[in-house]
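# Structural description and commentary
What follows is the residue order along each chain.
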Amino acid sequence: MHFRDSINFFSKLNAGKAANTLSVLSSFYLSKWSGKPIQWGVPFNVSIEPTTTCNLGCPECPSGLKNFTRPTGNMEYDFYRKTLDEIGDKLIYLYFYFQGEPYLHPKFLELVKYASQKKIYTVTSTNAHFLTERKAQETVESGLDRILISIDGTTQETYEQYRVGGSLEKVIEGTKNLVKAKRAMGSKTPHIIFQFLVVKPNEHQIEDIKKLAAEIGVDEVKLKTAQVYEYKNGNDLIPTIDKYSRYAKASDGTYAIKNELLNHCWKLWHSCVITWDGRIVPCCFDKDAQHQLGDLNTKKFRDIWQSDLYRSFRSRVLRSRAEIDICTNCSEGTKVWA
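What counts and how
Residues numbered from 1 in each chain as written. Predicted model: local features only at pLDDT ≥ 70, side-chain atom pairs only at ≥ 80, totals over all residues. Heavy atoms only, no water. Axes fitted to C-alpha atoms, helices over the stretch in contact; angles between N-to-C directions. Helix = DSSP H or I, 4+ residues; strand = E, 2+ residues; numbered from the N terminus. Parallel < 35°, antiparallel > 145°, perpendicular 65-115°, else oblique. Left-handed = near helix turned anticlockwise from the far one by under 90°. Contact = heavy atoms within 4.5 Å. Nonpolar A, V, L, I, M, F, W, Y, C, P; charged D, E, K, R; others polar. Buried < 20%, exposed > 50% of the residue type's maximum accessible area, 1.4 Å probe, protein only. Pairing = 2+ DSSP bridges.

Contact pair helix α4 (residues 77-87) / helix α5 (residues 108-117): the axes reach a minimum separation of 11 Å and the direction vectors enclose 20°. Overall, the two elements α4 and α5 adopt an arrangement that is roughly parallel. Classified by chirality, the crossing of α5 by α4 is right-handed. Contact residues: Y77, Y80, R81, L84 and D85 in α4; E110, L111, V112, Y114 and A115 in α5.

Structure representation (structure tokens):
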């Protein structure tokens, strides 16, 4: 099944996208070697935030905890179209998630369809509580290429320890609806992934989630390491299986992130995040948009991408990532997927 997904992905590439990708890659390595922020091309990987609204209350998620300091809301459809018209010709990946549950946006699948029509590989992440039979059919019809379904347990008791307020039954039902819709329509997309966030309460169910995925007809299972905010003195979410933990225990009993925080970051050269209200932030670790680098309501994307403010932020990363708050708990440079 992975082969089909790869074929679908490569079918969306063209000479212009390939040339831009090469430019971005070259400028990243030149910057890394020289220590100076050289930036060629435009990002080929962008995350768009359809909404900040979420139906769950996950303990490490600002959206679930409702503790944003930034404004919250839904991205306007006309603004989205205008933005995609500006940046879409060089985009390879378009991720429809940042904070919030994408399916709570009233026109979410219309957003997806517009990007699909532009031959962009589209991805979303969902808690699958809204994948009714009708919504599953509309998802397939939208042209969505890949969907990550968050399912962090194979029993309700385990699942709800992290997905607070969630129903495992709804997740499974929604997934089955999507598998059924794909088969009924003879569609190879979306590529369905069970994303299992490995934390201490569910680490004993890793093999169970693989079996469940096979039974339902899910295409792939991804085991993801968890980011926690309060980790120095330990945290009940940190797995005991070292392979799945982003944090290592020191001799004094405290914890530290495994990542060495090397002074470079691929994300800053090939991708960015656009919040629901048009603010550009450097990456998905800036969940509360504390490091805004531009506003698409007042400036064009390319002007922001090449601005002094963006260049200054890249310089800071090349100088010392350890001095930037969102970088100190970042997995860049380590394997996130197990």
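Moving on, we come to the packing of helix α6 (residues 133-142) against helix α8 (residues 168-185). The interhelical angle for the contact between α6 and α8, taken along N-to-C directions, is 55°, at an axis separation of 8 Å. In terms of orientation, α6 and α8 fall into the oblique class. Pair α6 / α8 crosses with right-handed handedness. For the pair α6 and α8, contact is made by E133, A136, Q137, T139, V140 and E141 and by N177, L178, K180, A181, K182 and M185, respectively. Its residues assigned to classes, the contact of α6 with α8 shows five nonpolar, three polar and four charged.

Further remarks concern the pairing of strand β9 (residues 271-274). Both faces of β9 are covered, namely the face carrying S271 and V273 and the face carrying C272 and I274. Bridge analysis of strand β1 (residues 45-48) against β9 gives four bridges, and the strand direction is parallel. Bridge pairing in β9 places S47 opposite V273. Pairing geometry for β9 and strand β10 (residues 279-281), over two bridges, is antiparallel. Among the inter-strand pairings, V273 is bridged to a residue of β10, identified as V281. Counted between consecutive antiparallel strands, the loop separating β9 from β10 contains four residues, among which G278 sits at a positive phi close to 90°.

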